[in-house]
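# Analysis of the macromolecular model
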Amino acid sequence: MDKYTAITFAPVQGFIEKSRKLRDLYGASLILSYLSQQIVSYVDNHKDLKLISPALPSVQKGMPNRILIKGEMSKEEAEKIILSAWKEMLKVCREWIQKKLPEFHYEWEREWTLWGCHTWEVFQGCGDSIKAAMDDLETNKLSRDWSAVNWIGESSSLTGTDGIAFPGLGSDYRNPKTLNYGLEDDKVKDFYTKLARKLDNCPDDKEPEGKYIAPNEKLSIPELVKRLVTWYGIGQKLGMETLEESFKDIQRKPEPSKNIPGQWTGWFMGDGDKVGDHLKELAKKDNGDEEIHQFSDAIRNWGKDFDQEFPENLGRIVYAGGDDFLGIIYSKDSKKPIPAFTAYEWLRTLKDKWKEHKQGINVSVGFVWVAGSVPQRDVLQHCREAEKVAKSLGRDRVTIRVVFNSGQYVQWTCPWDYLGILMKYRDRDGKTFYEWECKGRKKEDFPNWGHVYSDLATLKARHAINLNAKGYHVDERIALELFNIYFEKQKEYLENQQEKIVGKSDNLELMKWIDGLIHIGWHLCSNI
């Protein structure tokens, strides 16, 4: 009887989420793909094993971390492969630092060794069918055997959960009772300033730009590795995909001293809906392994094409692997930013682009239109939260957030097939987006979204539309009439399809949905 094996490792989400810069995110994605590929390469070269998923074993970028094999592979063997690759990565990074900065006395080898042993946990499931192997994997994942690396002193400035990596990390003098934190802080700053200079290839008498590491950062060992693997020399030595283009051209924040204005940018993060369930359904078929392989092949090819074909004048894709993707809409010239309306028009095409893999699964996306001074870490957090909202309201939809410099935001969630409702807007003068399009997209024909926006504000100020109402005080009728007046008499359709469109049958949620629609329309569709 055939045997099947399913393998994965953890933490994945936690490893990626501990990101402040795009480089953290990219480095984490590279590391996960690289470790997955070590298993895939082993299977591909082993005559008793056959790789079912993921497809495209030679393409490292975007390699999923769940591996399905026809044949039997032990957990110990998988652990040996992943941990060996990870330890080698740590060794290369540590030795590179020590070679480039010989002026320091290094007492930190034990800490790097500990991270080599305690960063990843490997899970394996085995069975007589694909479904049995996947179920066994899920059962084994419920049992965790986790060990954390302990430390003394200050914690990293990025996540605050691990000790700061610096040459004296494992020194004998670091007794918590007598440790001079001020003196140690100076040593840490000195180390990171010199490391930043080396990575930026900056002369000793100049301030580094901080392309890889800012001089004022204090990173833990895993955080440091995420940055270092994006440096060409280290990535190449490890056989990792190298960063083809830096993130330096994404200028979001204003810098008045350099005459650089800030710009609004769009961030979209998404993944396929219920892919795990879909794989289980495929596994039940007579030719389950072939079906899963074809699915993996289609999804991975889609991700590769999505990355390569994304319009250069609109932005770029940070990663697209398996059914996950993250991308940015921005202008390389911050003095000529991408209009919000252009971002919305592109967003409307995303679902059709997703369908090109023809695999019958839907996609949920979080789209964030964000002001220039919002910290990078917050932007990524908003993306994750927006995607979760889209999933929680029924999937196959997009959640749009507009985030302001203050950190406040407005939000609206809509199914993909109803996203065009914003284009059904008709202002008080009778101008519509359809006519604007037919007349050649002239500025004077553009509908004035301010009409509905000001009416909504007035009605809310007079408590005619009360979003804080409870119980029998909830009265959605005026909000619905306002919607009906400005959106081509869509009231009846919205009422009949409320649960599908809004995600809830509650009248208060219906009012909030209309409120969100008008706010998002005002911010995305009021200017060209």
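As recorded by an unreviewed UniProt entry, the chain carries the name CRISPR-associated protein Cmr2 and is attributed to Anabaena sphaerica FACHB-251.

Looking now at the overall build of the chain. Within the chain one finds 18 helices and 10 strands. Computed over its C-alpha atoms, the radius of gyration of the chain comes to 26 Å, within 12% of the 24 Å expected for a compact globule of 528 residues. Structurally, the chain occupies a C-alpha span of about 75 × 70 × 50 Å along its principal axes. Scored against the burial criterion, the 528 residues of the chain give a buried share of 52%. In the chain, once contacts between residues fewer than 6 apart in sequence are set aside, the share between residues at least 24 apart is 68%. Accessible surface computed for the chain: about 24,800 Å², of which carbon and sulfur atoms make up 46%. Separation between the mean location of the 77 positive side-chain charges and that of the 81 negative ones in the chain comes to 3 Å.

It is worth spelling out the confidence of the model for the chain at this point. Here the chain averages 92 in pLDDT, while 100% of its residues score no lower than 70. Per-residue pLDDT, averaged within each element of the chain, yields its smallest value for helix 1 (residues 13-17) (81) and its largest for strand 9 (residues 397-403) (98).

Pairing in this open sheet of six strands is mixed, and the strands run 6-7-5-8-9-10 from one edge to the other. Each end of this open sheet is capped by a strand with a single partner; those strands are strand 6 (315-321) and strand 10 (409-415). Direction aside, the axes of adjacent strands within the sheet are offset by 10° on average. The pairing of strand 6 with strand 7 (residues 324-329) spans six bridges and is antiparallel.

Before going further, it helps to spend a moment on the layout of surface pockets. Computed from the structure, the second largest pocket encloses a volume of approximately 1,100 Å³. Taken together, 28 residues form the lining of the second largest pocket, with Lys-21, Glu-209, Gly-210, Ile-250 and Gln-251 sitting closest to its centre. In the lining of the second largest pocket, the residues fall into nine nonpolar, five polar and 14 charged.

Attention now moves to empty space enclosed by the protein. One simple way to see leftover space: roll a probe sized like a water molecule over the atoms. Counting across every chain of the model gives two cavities of 30 Å³ or more. The class makeup of the residues in the lining of the largest cavity is six nonpolar, one polar and four charged. If you add up the space inside the second largest cavity, you get close to 60 Å³. Forming the walls of the second largest cavity are Tyr-26, Ser-29, Leu-30, Ser-33, Lys-61, Gly-62, Val-318, Tyr-319, Ala-320 and Gly-321. Counting residues per element, the ones that place at least two in the lining of the second largest cavity are helix 2 (22-44) and strand 6. Looking at side-chain class alone, the lining of the second largest cavity contains five nonpolar, four polar and one charged residues.

With the rule as written, the count across this model stands at 30 salt bridges. A salt bridge links Asp-24 to Arg-227, with the shortest nitrogen-to-oxygen separation between them at 2.4 Å. With a gap of 203 residues between them, Asp-24 in helix 2 and Arg-227 in helix 7 (residues 221-228) connect regions that are remote in the sequence. Accessibility classification places Asp-24 together with Arg-227 in one group, the buried group. Linked by salt bridges that have partners in common, Lys-21, Asp-24, Glu-217 and Arg-227 make up one network.

Where like charges cluster on the molecular surface, the positive patch consists of Lys-99, Lys-100, Lys-198 and Lys-237. Relative to the helices and strands, Lys-99 is located in helix 3 (residues 75-100). The class of Lys-99 is exposed, set by a relative accessible area of 70%.

Right, let's talk about the nonpolar core for a bit. With 84 residues, the main nonpolar core has Ile-31, Leu-35, Met-89, Ile-97, Phe-191, Leu-224 and Val-225 as its most contacted residues. Setting aside residues no more than four positions away along its own chain, Leu-35 makes contact with Phe-9, Ile-82, Ala-85, Trp-86, Met-89 and Trp-120. Counting residues in each nonpolar core, the second largest holds 82 residues, with Ile-52, Leu-68, Ala-283 and Tyr-344 among its members.

The next thing to look at is the environment of Lys-141. Its place among the elements puts Lys-141 in helix 5 (residues 130-141). Other than its neighbours up to four places away in sequence, Lys-141 contacts Thr-8, Arg-66 and Phe-123.

One can describe the packing of helix 3 onto helix 7 by two numbers: an axis separation of 10 Å at closest approach and a directional angle of 80°. When the axis of helix 3 is compared with that of helix 7, the two are roughly perpendicular. Contacts from Trp-86, Met-89, Leu-90, Cys-93, Trp-96 and Ile-97 of helix 3 reach helix 7 at Ile-221, Leu-224, Val-225 and Leu-228. Taken together, the residues of the contact of helix 3 with helix 7 sort by class into 10 nonpolar, no polar and no charged.

Reading the values: rules and limits
Residues numbered from 1 in each chain as written. Predicted model: local features only at pLDDT ≥ 70, side-chain atom pairs only at ≥ 80, totals over all residues. Heavy atoms only, no water. Helix = DSSP H or I, 4+ residues; strand = E, 2+ residues; numbered from the N terminus. Rg over C-alpha atoms; globule rule 2.2 N^0.38 Å. Buried < 20%, exposed > 50% of the residue type's maximum accessible area, 1.4 Å probe, protein only. Contact = heavy atoms within 4.5 Å. Areas by Shrake-Rupley, 256 points an atom, 1.4 Å probe, with all protein chains shown as cover. Lys, Arg positive; Asp, Glu negative; His and termini not counted. Charge placed at Lys NZ, Arg CZ, Asp CG, Glu CD. pLDDT = per-residue confidence, 0-100. Pairing = 2+ DSSP bridges. Axes fitted to C-alpha atoms, helices over the stretch in contact; angles between N-to-C directions. 1 Å grid on protein atoms, 1.4 Å probe; cavity = no way out; pocket = protein on both sides within 12 Å on 5 of 7 lines; lining within 4 Å. Points joined across faces, edges and corners; volume = space filled by probe spheres on them. Nonpolar A, V, L, I, M, F, W, Y, C, P; charged D, E, K, R; others polar. Salt bridge = Lys/Arg side-chain N within 4 Å of Asp/Glu carboxyl O. Patch = residues over 30% accessible without salt bridge, like charges linked within 9 Å, V, L, I, M, F, W, Y side chains within 5 Å. Core = buried A, V, L, I, M, F, W, Y, C linked by side-chain atoms within 4.5 Å. Parallel < 35°, antiparallel > 145°, perpendicular 65-115°, else oblique.

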